[in-house]
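# Per-entry structural report
Single-letter residue listing:
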Amino acid sequence: MTITNSIKNSQSLLQQLASHQDVDSHAELKPLVAQLAEQIKSLSAEIEITPANRQQSTNKSTAPVIDEKTGCYQFENEQGFFCPNCYDQTSSRVNTKRLNRKLRVCSACHASIRPKK
């Protein structure tokens, strides 16, 4: 059962409880049922917003792009060329250093990185 289904089920049970004759006649229960309804409504709204936020955060600079000139990874909102070995193995973003026109070296794993032909 998903969270959304649980919330819908809770709302249904709360409506049944609110319409019960004992709740209507009991002065202390009526405000508690109203508070519970507000809490469930708030949870429902929060659940609807959360998947959109997750999708936005996963799309943001997580997918590296291989730069054809260097053979290194580049990320959308970051400057520099990053070691593909370190990122693939440990998800670490380690900047590489340029040795010459066609060769870069990782300072962490000491990998030699050349452009892909």
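The rules behind these values
- Residue numbers here run from 1 along each chain, matching the order of that chain's written sequence.
- Per-residue local features are limited, in this predicted model, to residues with pLDDT of at least 70; the limit for side-chain atom pairs, both in listing and counting, is 80 or more; totals at the level of whole chains, interfaces and linings are taken over all residues.
- Computation of side-chain values: all heavy atoms of the structure, hydrogens and water removed.
- Here the rule is simple: two strands pair whenever DSSP picks up at least two bridges between them.
- For the purposes of this entry, the term helix denotes a DSSP run of H or I that reaches at least four residues, the term strand denotes a run of E that reaches at least two, and both are numbered from the N terminus.
- We call Phe, Tyr and Trp rings a pair once their centres come within 6.5 Å, taking the six-membered ring for Trp, and we label the pair stacked below 30 degrees between planes, edge-to-face above 60, and tilted otherwise.
- The criterion used for residue contact is that any of the two residues' heavy atoms lie within 4.5 Å.

With that out of the way, let us pick up the pairing of strand β3 (residues 96–100). In this structure, β3 lies alongside strand β4 (residues 103–106), joined through four bridges in antiparallel fashion. Looking at the pairing, K97 lines up with V105 of β4. Hairpin connection from β3 to β4: two residues lie between these consecutive antiparallel strands.

This paragraph deals with the packing of aromatic side chains. As enumerated under the stated definition, the model contains three aromatic pairs in all. Geometrically, the ring pair formed by Y73 and Y87 is edge-to-face, given 5.6 Å between the ring centres and 90° between the ring planes. Placement of Y73 in strand β2 (residues 73–74) and of Y87 in helix α4 (residues 84–90) is noted, with a sequence separation of 14 residues between them. Geometrically, the ring pair formed by F75 and F82 is edge-to-face, given 5.4 Å between the ring centres and 70° between the ring planes.

Checked against the element boundaries, C72 lands in the loop between β1 (65–66) and β2. Considering only alpha carbons, one finds C72 and C106, 34 residues apart in sequence, at a separation of 9.8 Å. With sequence-adjacent residues up to four places away left out, C72 is seen in contact with V65, I66, D67, F81, F82, P84, T96, R104 and I113.

This paragraph deals with unusual backbone geometry. Backbone geometry at S91 places phi at a positive 60°, although glycine is not the residue there. Structurally, S91 is set in the loop between α4 and β3. Backbone geometry at H110 places phi at a positive 60°, although glycine is not the residue there. Along the chain, the position of H110 falls in the loop between β4 and β5 (112–113).

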